[in-house]
Amino acid sequence: RAPEKRLGVAIVGLGRLTLNQILPAFRQSQLARPVALVSGHPEKARAVAEQYGIDPAAIYGYDEMARMAENSEIEAVYIVTPNGLHRDHALAAAKAGKHVLCEKPMANTSAEAQEMIAACREAGVRLMIAYRCQYELFNLETARLTQSGELGAPRIIHATNTQVHGSGDQWRVRAALSGGGALPDIGLYCLNGVRTMLGEDPTEVYAQIVNPVGDERYKEVEETLSFTLRFPSGAIANCATSYGAHECKNMEIRLEKGSLELENAFAYQGQRLYVAQLQDGQEQMSEIRLAPQNQFALEIDHFADCVLHDRTPNTPGEEGLQDHLLMEAIYRSAREGVPVKI
Ligand code: NDP
């Protein structure tokens, strides 16, 4: 699409993800362009607007989002603020008549997620949750192979998303802004990833939380969590997430007649997909090579395509809501020390 015909997007929140990933990815987008910024720091916003050719008159504060209704260049917003603010920002955008692309996790709770879905439905705008891995090509190929039957039925999945966090001086360890610790922030990739690989939803969860004793950072949210998901097909997933363990973002799927290993499954880049398969009693190993593409650009273009052609996104609000319901069951299981049926 010619640049002036691309979907005009207002970016809400100019933090690390916006500055380092999302705005640069717009340069590779074919269907969308940034046309406005919403920020609590006007000076930073002016510098960013200049860098990306955005009209400085299209800079808004968080309490000025209603004014976006008067700017017809803004057709949609991309919400990239702390999780606990997603609901308010989505409601404000819907009220201004703008379509909504919202970062994961969708909100802090399933109740907030439901409000967002209702508000967007009432306003007649699209709502998509930015599950970037569902637009990433190696993840898509792994899901296709898992569900194709070529390697038999899937039995066990291991999904790990860990990284070491620094200081406690950040919204991620404040429950009101984050909704939780490692689980909604990075463990969510394991949960959503496993559901995507299998194409089904778990019927039972079992979880345990471990927090380092006396660590002030983990007074409000969890540091380390392991959880098991049982699926109707008989598959089981073991997931682990932590803010205190050396980085690992891998997924491994063991099927009846082979296995799939997706290295850096949840990372921004560096995916590698290995397949092991039994053929005539011999194990054959191969690596699947795909030309890497910017997954943020693919995700943004899917959203833009859905808005421009009036289609439901692959990861609508209901997908985010389902993960919130499951995360609530996971927390309940950890609290009560028992498996929880969904
Ligand atoms: P940052 O802390 O780096 O940035 C958040 C931005 O939100 C701030 O810079 C600020 O922008 C704005 N903001 C508004 N109100 C507040 C507040 N009360 N406290 C702090 N910031 C506020 O966070 P990230 O960019 O890492 O994360 C933002 C969102 O993106 C989260 O929902 C997170 O889960 C998600 N995320 C998704 C990733 C992915 O791979 N899809 C990876 C990383 C994060 P300003 O100064 O302009 O007002």
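The rules we used
- Residues numbered from 1 in each chain as written.
- Predicted model: local features only at pLDDT ≥ 70, side-chain atom pairs only at ≥ 80, totals over all residues.
- Heavy atoms only, no water.
- Helix = DSSP H or I, 4+ residues; strand = E, 2+ residues; numbered from the N terminus.
- Rg over C-alpha atoms; globule rule 2.2 N^0.38 Å.
- Buried < 20%, exposed > 50% of the residue type's maximum accessible area, 1.4 Å probe, protein only.
- Contact = heavy atoms within 4.5 Å.
- Areas by Shrake-Rupley, 256 points an atom, 1.4 Å probe, with all protein chains shown as cover.
- Lys, Arg positive; Asp, Glu negative; His and termini not counted.
- Charge placed at Lys NZ, Arg CZ, Asp CG, Glu CD.
- Near = heavy atom within 4 Å.
- Polar contact = N/O pair within 3.5 Å; in protein donor to acceptor, adjacent residues only side chain to side chain.
- Nonpolar A, V, L, I, M, F, W, Y, C, P; charged D, E, K, R; others polar.
- Phe/Tyr/Trp six-rings, centres within 6.5 Å; stacked < 30°, edge-to-face > 60°.
- Pairing = 2+ DSSP bridges.
- Axes fitted to C-alpha atoms, helices over the stretch in contact; angles between N-to-C directions.
- pLDDT = per-residue confidence, 0-100.
- Parallel < 35°, antiparallel > 145°, perpendicular 65-115°, else oblique.

J.: Give me the overall build of the protein chain: which residues, what numbers.
T.: Scanning the protein chain for helices and strands turns up nine helices and 15 strands. Relative to the 2.2 N^0.38 estimate, which gives 20 Å for 342 residues, the radius of gyration of the protein chain is 20 Å and therefore close to what a compact globule would have. Summarising its shape, the C-alpha atoms of the protein chain cover approximately 65 × 50 × 35 Å along the three principal directions. Here the protein chain holds 342 residues, and the buried ones make up 53% of them. Residue pairs at least 24 apart in sequence account for 70% of intrachain contacts in the protein chain once pairs closer than 6 positions are excluded. A total accessible area of about 15,400 Å² is found for the protein chain, and carbon and sulfur atoms account for 48% of it. Positive and negative side-chain charges in the protein chain, numbering 33 and 44 respectively, have mean positions lying 1 Å apart.

J.: Quick one: what's the story with the site of the ligand, residue by residue and with numbers?
T.: Every one of the 26 residues lining the ligand counts as a neighbour, but Ser39, Lys44, Tyr62, Asn83 and Arg132 are closest to it. At 3.1 Å from an oxygen atom of the ligand is found a main-chain nitrogen or oxygen belonging to Thr81. At 2.9 Å from a nitrogen atom of the ligand is found a side-chain nitrogen or oxygen belonging to Glu103. Expressed as a share of its isolated accessible area of 890 Å², the protein-covered part of the ligand is 83%. Taken together, the elements giving at least two residues each to the shell around the ligand come down to α1 (16–26) and α7 (182–198). Of the residues in the shell around the ligand, the class split is eleven nonpolar, eight polar and seven charged.

J.: Tell me about the packing of aromatic side chains, and name the residues and values.
T.: Aromatic ring pairs: the centre-centre distance and the angle between the two ring planes describe each pair. A full pass over the atoms with the stated rule returns three aromatic pairs. Here the aromatic rings of Tyr218 and Tyr243 are separated by 6.4 Å at their centres, their planes lie at 35°, and the arrangement is tilted. Residue Tyr218 is found in the loop between β8 (204–210) and β9 (224–230), and its partner Tyr243 is found in the loop between β10 (236–242) and β11 (251–255); the two are separated by 25 residues along the sequence. For Tyr218, a relative accessible area of 6% gives the class buried.

J.: Break down the sheet that holds strand β14 (residues 282–288) for me, with residues and values.
T.: As a general point, the strands of a sheet are linked pairwise by backbone hydrogen bonds and lie either parallel or antiparallel. The strand order across the open sheet built from nine strands is β14-β13-β12-β11-β7-β10-β9-β8-β15, with neighbouring strands paired in mixed fashion. Edge positions in the open sheet fall to β14 and β15 (340–341), since each of these has one partner strand only. Pairing analysis gives seven bridges linking β9 to β10, with the strands arranged antiparallel. Considered in β10, the bridge of Leu229 is made with Ala237. Packed on one face of the sheet, helix α5 (residues 137–148) meets β7 (154–162), β11, β12 (258–263), β13 (272–279) and β14 and runs near 165° to β12. This element, α7, spans β7, β9, β10 and β11 of the sheet and lies at about 155° to β7.

J.: I'd like a description of the pairing of β10, backed by residues and values.
T.: Where β7 meets β10, seven bridges bridge the pair, whose relative direction is parallel. Bridging from a neighbouring strand, Ile156 pairs with Ile236 of β10. Once β9 ends, the chain turns through five residues before running back antiparallel as β10, passing Gly234 with a positive phi of about 105°.

J.: Can you explain the confidence of the model for the protein chain? Please cite residues and give values.
T.: Scored by pLDDT, the protein chain comes out at a mean of 97, with 100% of its residues at no less than 70. At the level of chain-chain contacts, confidence expressed as ipTM amounts to 0.99, with global pTM at 0.98.

J.: Provide a residue-level description of the pairing of β7, including the pertinent values.
T.: As defined by bridge partners, β7 adjoins β11 across five bridges and the pair is classed as antiparallel. Paired with Ala159 across the strands is Met251, a residue of β11.

J.: So, the packing of helix α3 (residues 86–95) against helix α4 (residues 110–123): which residues are in play, and what are the values?
T.: The interhelical angle for the contact between α3 and α4, taken along N-to-C directions, is 5°, at an axis separation of 9 Å. Considering their axes alone, α3 and α4 lie roughly parallel with respect to each other. Contact with α3, carried on its side by His86, Arg87, Ala90, Leu91 and Ala94, involves Glu112, Glu115, Met116, Ala119, Cys120 and Ala123 of α4 and no other residues of that element. For the contact of α3 with α4, the per-class residue count stands at seven nonpolar, one polar and three charged.

J.: How would you explain the sheet that holds strand β1 (residues 7–12) if you had to name every residue and give the values?
T.: Spatially, six strands are ordered β3-β2-β1-β4-β5-β6 in an open sheet, and the strand pairing comes out parallel. The sheet is open, and its two edges are formed by β3 (59–60) and β6 (127–129), each paired on a single side. Here strand β2 (residues 32–38) runs beside β3; their pairing, made up of two bridges, is parallel. In the sheet register, Val38 faces β3, and the bridge partner there is Tyr60.

J.: Describe in detail the environment of Val213, supporting the description with residues and values.
T.: Relative to the helices and strands, Val213 is located in the loop between β8 and β9. Using a relative accessible area of 86% as the deciding quantity, one classes Val213 as exposed.

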